[in-house]
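Spelled out, the chains give:
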Amino acid sequence: MPRIHAVATCLALSLTVACAPAPEARDHSADFDRLAEDAWNHLLERSPYLQNRQGTLVTEFPDLTEEQAAADVEWARSMLARIEAIPLEELSHEDALTLECLRWDNEITVEGEPFYWLQFPITPYSAGYLATFAGVMLAAYDFADTEQTAMYLELVGEIADHLEQLKAHTEGQMERGIYASKHALPGIVAMFEAMRGGVLRNAMSVAPERLEGLSEQEREDFQAALEEAISERVEPAVDELLAVLTSETYQTNAPDAVGPTQYPDGEAYYRYLVRAHTTMNKTPEELHEFGKRRVAELEAEMAAIRDEVGFEGSREEFHDKLRTDERFLAETPEDVEARYMSYIEAIEPLVDDYFPTRPEAPYGV
């Protein structure tokens, strides 16, 4: 009896399940829409560049702290979990491509988690973003009311915070034995010396005519507060960063070698960078070999051109002739325009093969 009772119970349960209404099919396209919107809002929140492009006044500068980097990784993990729950085959082609792009971006963020301290936010070729960003973001303010003056001062404070974070990151690297190359250091120092010499102050200063919409007292209060923010927050932050970079400790320990592979986990970081910047699972060695092969191919093409035109000199002499012969040099602005437009005119017939929609706005050189 116990066994019969058990079987009867199973049958009853089966019938109950079979008779129950089927669960509604999940709308994965709606899930995707919510995911894409969340991704865009997150990106917009973290990017002053995009905020400026959207016409939104920027009030925050990028947070470089380890805590923020960890928060970004956690966000990426949560996004990957949501992405995995959406079947590609149930999306349109365009949405499926977007989902795969989002998957890639978030995977790269998660993969980069171990390499926070190997990242160099200041280099001779990237440190200049600070003054450029500051100038562009601050220029967007029209000071229509005192709310904008408060926001402007907040952004100046954010720039000071950013500089302090650069110093903290540099000191954190030093604690781990990580230094910029001795070859790169003079360029980095020169960049921040230029900022201290007036570049940042010029970017942040506000001409009186920009404040015509405010009362005289509001203008005076704002200019006083701005001067205080620049002289007591921004410029001291640059000075403190420069003090670290020019210290005997940094100057002595800056290595002659370049690249991350000299540091622990540096080789893994280099391979990560290759994947992040090329989207290919290639090793640095493979890319180097590809580059050498391509250079050899170009050299062969140039040699063929030398033969075709009957040039009897060496490779170096041929290149020198290309750089100096007046036949190859533009003489007027109109000549420059014509040369560039000739390339555009060659490309124009092919554009429709690659892009379904053309912009309506005209363009030229």
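Residues numbered from 1 in each chain as written. Predicted model: local features only at pLDDT ≥ 70, side-chain atom pairs only at ≥ 80, totals over all residues. Heavy atoms only, no water.

1. Some thoughts on the packing of aromatic side chains
Part 1 of the argument: Applying the stated criterion to the full structure yields 11 aromatic pairs.
Part 2 of the argument: With centroids separated by 5.2 Å and ring planes inclined at 55 degrees, the aromatic side chains of phenylalanine 143 and phenylalanine 222 adopt a geometry described as tilted. Here phenylalanine 143 is found in the loop between helix H6 (129–139) and helix H7 (146–175), whereas its partner phenylalanine 222 is found in helix H9 (residues 216–245), with 79 residues between them in sequence. This pair shows no difference in class: phenylalanine 143 is buried, exactly as phenylalanine 222 is.
Part 3 of the argument: The rings of Tyr141, Phe143, Tyr152 and Phe222 are connected pair by pair, giving a single aromatic cluster. (Phe/Tyr/Trp six-rings, centres within 6.5 Å; stacked < 30°, edge-to-face > 60°. Helix = DSSP H or I, 4+ residues; strand = E, 2+ residues; numbered from the N terminus. Buried < 20%, exposed > 50% of the residue type's maximum accessible area, 1.4 Å probe, protein only.)

2. A look at the environment of leucine 138
Part 1 of the argument: Its place among the elements puts leucine 138 in helix H6.
Part 2 of the argument: In this view, leucine 138 contacts Tyr152, Leu155, Val156, Ile159, Ala203, Met204 and Arg210; residues no more than four positions away in its chain are not counted. (Contact = heavy atoms within 4.5 Å.)

3. Brief notes about a negative patch on the surface
Part 1 of the argument: On the surface, a cluster of negative charge is made up of Asp142, Asp145, Glu147, Glu216, Glu218, Glu220 and Asp221.
Part 2 of the argument: Here the element with the most residues in the negative patch is H9; it accounts for 4 residues.
Part 3 of the argument: If you trace the backbone, aspartate 145 turns up in the loop between H6 and H7. (Patch = residues over 30% accessible without salt bridge, like charges linked within 9 Å, V, L, I, M, F, W, Y side chains within 5 Å. Areas by Shrake-Rupley, 256 points an atom, 1.4 Å probe, with all protein chains shown as cover. Salt bridge = Lys/Arg side-chain N within 4 Å of Asp/Glu carboxyl O. Lys, Arg positive; Asp, Glu negative; His and termini not counted. Charge placed at Lys NZ, Arg CZ, Asp CG, Glu CD.)

4. Description of the nonpolar core
Part 1 of the argument: Counting 53 residues, the largest nonpolar core has Tyr152, Leu163, Phe192, Leu200 and Leu245 as its most contacted members.
Part 2 of the argument: Contributing elements (two or more residues each) for this core: H6, H7, helix H8 (185–204), H9 and helix H11 (266–278).
Part 3 of the argument: At 11 residues, H9 tops the list of elements feeding residues into this core.
Part 4 of the argument: Listed in part, the 14 residues of the second largest apolar core include Ala76, Leu80, Ile86 and Val110. (Core = buried A, V, L, I, M, F, W, Y, C linked by side-chain atoms within 4.5 Å.)

5. Focus: the pattern of salt bridges
Part 1 of the argument: For the coordinates displayed, the defined rule picks out 29 salt bridges.
Part 2 of the argument: Between arginine 271 and glutamate 285 there is a salt bridge, with its nearest N and O atoms 3.4 Å apart. Within this pair, whereas arginine 271 is found in helix H11, its partner glutamate 285 is found in helix H12 (residues 284–309), the two being separated by 14 residues in sequence.
Part 3 of the argument: Residues participating in the shared-partner salt-bridge network are Arg196, Arg201, Glu227, Glu235 and Asp239.

6. A word on the side chain of glutamine 165
Part 1 of the argument: With respect to the helices and strands, glutamine 165 occurs in helix H7.
Part 2 of the argument: Apart from residues no more than four positions distant in its own chain, glutamine 165 is found in contact with Pro62, Asp63, Leu64 and Thr65.

7. Re the side chain of asparagine 106
Part 1 of the argument: With respect to the helices, strands and loops of the structure, asparagine 106 is situated in helix H5 (residues 93–111).
Part 2 of the argument: Using a relative accessible area of 9% as the deciding quantity, one classes asparagine 106 as buried.
Part 3 of the argument: Leaving out residues up to four positions away in the same chain, asparagine 106 has contacts with Trp75, Ala76, Met79, Leu80 and Ile83.

8. Side note on the packing of H7 against H9
Part 1 of the argument: Relative to each other, H7 and H9 sit at 10 degrees, their axes nearing to 9 Å. The pairing of H7 with H9 is recorded here as roughly parallel in orientation. (Axes fitted to C-alpha atoms, helices over the stretch in contact; angles between N-to-C directions. Parallel < 35°, antiparallel > 145°, perpendicular 65-115°, else oblique.)

9. Quick word on the environment of phenylalanine 120
Part 1 of the argument: With respect to the helices and strands, phenylalanine 120 occurs in the loop between H5 and H6.
Part 2 of the argument: Remark: the alpha-carbon pair of phenylalanine 120 and leucine 350, spanning 230 residues in sequence, is separated by 40 Å.

10. Section: H6
Part 1 of the argument: Inspection of H6 places Leu130, Ala131, Ala134, Met137 and Leu138 among the buried residues, and these make up the whole buried set. All buried residues of H6 fall inside an arc of 140 degrees around its axis, so they share one side.
Part 2 of the argument: Summarising the contacts, the buried residues of H6 are in contact with helix H3 (48–53), H7 and H8. (Arc of directions from axis to C-beta.)

11. Remarks on a nonpolar patch on the surface
Part 1 of the argument: A contiguous nonpolar patch, built from Val336, Tyr340, Tyr343 and Val365 and spanning about 430 Å² of accessible area, is present on the exposed surface.
Part 2 of the argument: Structurally, the position occupied by tyrosine 343 is in helix H14 (residues 333–347).
Part 3 of the argument: Look at tyrosine 343 and you get exposed, because its relative accessible area is 57%.

12. Overview of the packing of H6 against H7
Part 1 of the argument: At a minimum axis distance of 11 Å, the contact between H6 and H7 shows a crossing angle of 170 degrees. Judged on the interaxial angle alone, H7 and H6 are roughly antiparallel. Here Tyr129, Leu130, Ala134, Met137 and Leu138 of H6 come into contact with H7, specifically with Tyr152, Leu155, Val156, Ile159, His162, Leu163 and Leu166.
Part 2 of the argument: Here the residues of the contact of H6 with H7 are counted per class, giving 11 nonpolar, 1 polar and no charged. (Nonpolar A, V, L, I, M, F, W, Y, C, P; charged D, E, K, R; others polar.)

13. Concerning helix H2 (residues 28–46)
One full turn of an α-helix is made of 3.6 residues, so residues set three or four places apart face in the same direction.
Part 1 of the argument: Its 19 residues place the ends of H2 27 Å apart at the C-alpha level, agreeing with the 27 Å of an ideal helix rising 1.5 Å per residue.
Part 2 of the argument: Buried within H2 we find His28, Ala30, Asp31, Phe32, Leu35, Ala39 and Leu44.
Part 3 of the argument: Residues of H2 that are buried sit in contact with H3, helix H4 (66–84) and H5. (Expected span 1.5 Å × (residues − 1).)

14. Here's the deal with the confidence of the model for the protein chain
Part 1 of the argument: Residues with a pLDDT of 70 or more make up 92% of the protein chain, whose mean pLDDT is 89.
Part 2 of the argument: Across residues 1–23 the pLDDT falls below 50, and counting only partners more than four positions away or on other chains, this stretch makes 0 contacts in the model. (pLDDT = per-residue confidence, 0-100.)

15. Focus on the environment of asparagine 202
Part 1 of the argument: Structurally, asparagine 202 can be placed in helix H8.
Part 2 of the argument: What makes asparagine 202 exposed here is its relative accessible area of 59%.
Part 3 of the argument: For asparagine 202 and alanine 131, which are 71 residues apart along the polypeptide, the C-alpha to C-alpha distance reads 9.4 Å.

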